[in-house]
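Results of the structural survey
Take a look at the letters that make up each chain.
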Amino acid sequence: MRELLVGASPVIPSDRRTIAVTDTNAAETLLHFLRELLFAFESDGFVPARFEVGRADEQHVRGVLHGERFDPTRHETQPEVKAVTRHGLWLEPLESGWRAEVVFDV
């Protein structure tokens, strides 16, 4: 998602914020989480660098998002990400995690 927001520009994880989402199933939880990341960018210009998971299961994700505010002198401007969509969203459990496909409206 970072690449959709600022391209290949490096992001310094100098700031952090707690993210916590709860929903009815794994796909909806992922969708809700990604929408929170997009909201952080749209409302505060917060560009994600990495996420430290504190808790994650099919209905909850909680942790610390590291990143920084958008800096036009260092970050590439990209086409606007309008939404994280439910269209085409799927999740598949694997032995060591999950595989997902997510469609972003740009």
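Quick caveat, the model's predicted, so the values are computed rather than measured.

What counts and how
Residues numbered from 1 in each chain as written. Predicted model: local features only at pLDDT ≥ 70, side-chain atom pairs only at ≥ 80, totals over all residues. Heavy atoms only, no water. Pairing = 2+ DSSP bridges. Helix = DSSP H or I, 4+ residues; strand = E, 2+ residues; numbered from the N terminus. Axes fitted to C-alpha atoms, helices over the stretch in contact; angles between N-to-C directions. Contact = heavy atoms within 4.5 Å. 1 Å grid on protein atoms, 1.4 Å probe; cavity = no way out; pocket = protein on both sides within 12 Å on 5 of 7 lines; lining within 4 Å. Points joined across faces, edges and corners; volume = space filled by probe spheres on them. Expected span 1.5 Å × (residues − 1). Buried < 20%, exposed > 50% of the residue type's maximum accessible area, 1.4 Å probe, protein only. Polar contact = N/O pair within 3.5 Å; in protein donor to acceptor, adjacent residues only side chain to side chain. Salt bridge = Lys/Arg side-chain N within 4 Å of Asp/Glu carboxyl O.

This part takes up the sheet that holds strand E2 (residues 46-56). Taken together, the three strands give an open sheet; going across it, the order is E1-E3-E2, and neighbouring strands pair in antiparallel fashion. Each end of this open sheet is capped by a strand with a single partner; those strands are strand E1 (15-22) and E2. When the angles between neighbouring strand axes are averaged without regard to direction, this sheet yields 25°. As defined by bridge partners, E2 adjoins strand E3 (residues 60-69) across nine bridges and the pair is classed as antiparallel. Within E3, the residue paired with Val 47 across the bridge is Glu 68. In the packing of helix H2 (residues 26-44) onto the sheet, contacts are made with E1, E2 and E3, and the angle to E1 comes to roughly 145°.

Its boundaries defined by the atoms lining it, the largest pocket holds a volume of some 320 Å³. What lines the largest pocket is a set of 14 residues, among which Ala 26, Leu 30, Val 61, Leu 91 and Trp 98 lie closest to the centre. When residues of the lining of the largest pocket are traced back to their parent elements, those giving at least two are H2, E2 and strand E5 (97-105). If one sorts the elements of the lining of the largest pocket by residue count, H2 sits on top with four residues.

For H2, with 19 residues, the first-to-last C-alpha span of 27 Å sits near the 27 Å given by 1.5 Å per residue. Among the residues of H2, those classed as buried are Ala 26, Glu 28, Thr 29, Leu 31, Phe 33, Leu 34, Leu 37, Leu 38, Ala 40 and Phe 41. Buried-residue contacts for H2 involve helix H1 (2-6), E1, E2, E3, strand E4 (83-94) and E5. N-cap assignment for H2: the residue whose side-chain oxygen lies 3.1 Å from the backbone N of Ala 27 is Asn 25.

Right, let's talk about the environment of Val 61 for a bit. Residue position: Val 61 is located in strand E3. On a C-alpha basis, the gap between Val 61 and Ser 43 in space is 21 Å, while along the polypeptide they are 18 residues apart. With near-sequence residues (within four places) excluded, Val 61 lies in contact with Ile 19, Ala 20, Val 21, Thr 29, Phe 33, Phe 51, Arg 55 and Ala 56.

Counting across every chain of the model gives eight salt bridges. Where Asp 44 meets Arg 17, a salt bridge forms, and the shortest distance between an N and an O atom there is 3.1 Å. Taken together, the residues span a long stretch of sequence, with Asp 44 in helix H2 and Arg 17 in strand E1 at a distance of 27 residues. In this structure Asp 44 comes out as partly exposed when scored by relative accessible area, which is 28%. Judged by its relative accessible area of 26%, Arg 17 is partly exposed. Between Arg 86 and Glu 28 there is a salt bridge whose closest N-O contact spans 2.8 Å. In this pair, Arg 86 is assigned in strand E4 and Glu 28 in helix H2, connecting sequence segments 58 residues apart. Classification of Arg 86 by relative accessible area gives partly exposed; the value is 46%. Where salt bridges share partners, they join Glu 68, Asp 71 and Arg 74 into one cluster.

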